[in-house]
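The residues making up each chain are set out below.
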Amino acid sequence: MTIVDRFTLESLFKSPGYAQQCTSVFGATRTHPFGEGRYIHAISILSGLSKPRLEAVAAHEFAHAWLNENLAPSRKAALAREALEGFCELIAYDLMQERSYEVEKSSIKENPYTAGQLHAFVAAESLNGFNAVLDWVKAGEAAKLDADDPDGVRAVREAELAKTSAASDSGGLPVYYSHVASARCQTS
Ligand SMILES: [Zn+2]
């Protein structure tokens, strides 16, 4: 993880490898698969952020790193970009909630860049729990969540889920369950 200035961060937008990655005003994540289930994640975070924002951005970028390691390529391709960002924002939002950082919570909620997906994720989580959200991200039937149908998160391909659970037993998201966090990415 590197703390960078704005010029460096913005120049990441322009490098071709980032087209499929998270590049935001505050942070960027790039994952290099190394073979045999090993990865190197290169995370850049803007310098000079307030403590709450730094924590939110870090959590968001860590969520991207986790997704890059744990989603099957077919699911990654099927998942809508806004849903991917919505999930990462949910991780950030939950951490801000845990820390009682109200200003940062509002800022995440008001940011339009997940096109409503964050709200759909928050609704799904409050009704069905975080593990249901995680299962959906890995093996959901839809490409995005519907804010008006928080139970849609339960439409999961069981066979695919069994496969991904076995594969990610060693990885998983253990520390995330109650304390999770976020950053803001723009789609370019
Ligand atoms: Zn992002």
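The preceding data block contains the structure.
Residues numbered from 1 in each chain as written. Predicted model: local features only at pLDDT ≥ 70, side-chain atom pairs only at ≥ 80, totals over all residues. Heavy atoms only, no water.

J.: Would you mind showing me how to read the overall build of the chain here?
T.: If you tally the helices and strands in the chain, you get eight helices and four strands. If you list the helices and strands of the chain from N to C, you get β-α-β-β-β-α-α-α-α-α-α-α. Within the chain, the fraction of its 188 residues that count as buried is 46%. Contacts in the chain between residues at least 24 apart in sequence constitute 68% of all its contacts with a sequence separation of at least 6. Accessible surface computed for the chain: about 9,200 Å², of which carbon and sulfur atoms make up 53%. (Helix = DSSP H or I, 4+ residues; strand = E, 2+ residues; numbered from the N terminus. Buried < 20%, exposed > 50% of the residue type's maximum accessible area, 1.4 Å probe, protein only. Contact = heavy atoms within 4.5 Å. Areas by Shrake-Rupley, 256 points an atom, 1.4 Å probe, with all protein chains shown as cover.)

J.: How should I be thinking about the environment of valine 25 in this particular structure?
T.: Counting through the fold element by element, valine 25 comes out in the loop between β2 (22-23) and β3 (27-35). For valine 25, a relative accessible area of 29% gives the class partly exposed.

J.: Before we go on, may I ask you to explain the packing of helix α2 (residues 51-70) against helix α5 (residues 102-110) in this structure?
T.: When two helices pack together, their arrangement is given by the angle between their axes and by how far apart the axes lie. Where α2 meets α5, the closest approach of the two axes is 9 Å, and the angle between their N-to-C directions is 50°. Taken together, α2 and α5 sit at an angle that is classed as oblique. In the crossing of α2 with α5, the sense of the turn from one axis to the other is right-handed. Contacts between α2 and α5 involve Pro52, Arg53 and Ala56 from the former and Glu104, Ser107 and Ile108 from the latter. (Axes fitted to C-alpha atoms, helices over the stretch in contact; angles between N-to-C directions. Parallel < 35°, antiparallel > 145°, perpendicular 65-115°, else oblique. Left-handed = near helix turned anticlockwise from the far one by under 90°.)

J.: Which parts of the structure should I look at to understand the pattern of salt bridges?
T.: Side chains that carry opposite charge are capable of pairing whenever their charged atoms lie near each other. Taken as a whole and judged by the stated rule, the model has seven salt bridges. Lysine 51 is the salt-bridge partner of glutamate 55, the closest N and O atoms lying 3.3 Å from each other. Residue glutamate 55 and its partner lysine 51 are located together in helix α2, separated by four residues, close to a single helical turn. Glutamate 55 sits in the buried class, given a relative accessible area of 15%. Taking the relative accessible area as the measure of exposure, lysine 51 reaches 54% and is therefore exposed. We note a salt bridge from glutamate 82 to lysine 144, for which the minimum N-O separation is 3.0 Å. Pair noted here: glutamate 82 is in helix α4 (residues 81-99) and lysine 144 is in the loop between α7 (130-139) and α8 (158-167), with a separation of 62 residues, a long-range link. Each of Lys51, Glu55 and Arg99 takes part in one network of salt bridges that share partners. (Salt bridge = Lys/Arg side-chain N within 4 Å of Asp/Glu carboxyl O.)

J.: What should I look at first to understand the nonpolar core in this one?
T.: Leu67, Phe87, Phe121, Val133, Trp136 and Val137 are the most contacted members of the largest nonpolar core, which totals 36 residues. Those elements that provide at least two residues to this core are α2, α4, α6 (117-128) and α7. Broken down by element, the residue count for this core peaks at 10 residues, all from α4. Counting 10 residues, the second largest nonpolar core, distinct from the first, contains Leu9, Phe26, Leu46 and Val57. (Core = buried A, V, L, I, M, F, W, Y, C linked by side-chain atoms within 4.5 Å.)

J.: Is there a simple way to think about α2 in this case?
T.: Given 3.6 residues to a turn, an α-helix orients residues that are three or four positions apart in the same direction. Taking 1.5 Å of rise per residue, 20 residues should cover 28 Å, and α2 covers 28 Å from first to last C-alpha, within 8% of that figure. Counting buried positions along α2 gives 14 out of 20 residues, so the element sits mostly inside the fold. (Expected span 1.5 Å × (residues − 1).)

J.: When you look at a nonpolar patch on the surface in this model, what are you seeing that I'm missing?
T.: Taken together, the side chains of Met1, Ile3, Leu54 and Phe62 present a nonpolar region at the surface, about 390 Å² in accessible area. Owing to a relative accessible area of 32%, leucine 54 belongs among the partly exposed residues under this scheme. (Patch = residues over 30% accessible without salt bridge, like charges linked within 9 Å, V, L, I, M, F, W, Y side chains within 5 Å.)

J.: Can you help me understand the pairing of strand β4 (residues 38-46) in this one?
T.: Side-chain direction in a regular strand flips from residue to residue, so the side chains alternate between the two faces of the sheet. In this structure, strand β1 (residues 2-4) lies alongside β4, joined through three bridges in parallel fashion. Across the sheet, residue valine 4 finds its bridge partner in β4, namely leucine 46. When β3 meets β4, the two strands line up antiparallel, connected through eight bridges. Bridge pairing links threonine 29 to isoleucine 43 in β4. With antiparallel pairing between neighbouring strands as the criterion, β3 and β4 make up a hairpin whose turn holds two residues, including glutamate 36 at a positive phi of roughly 50°. (Pairing = 2+ DSSP bridges.)

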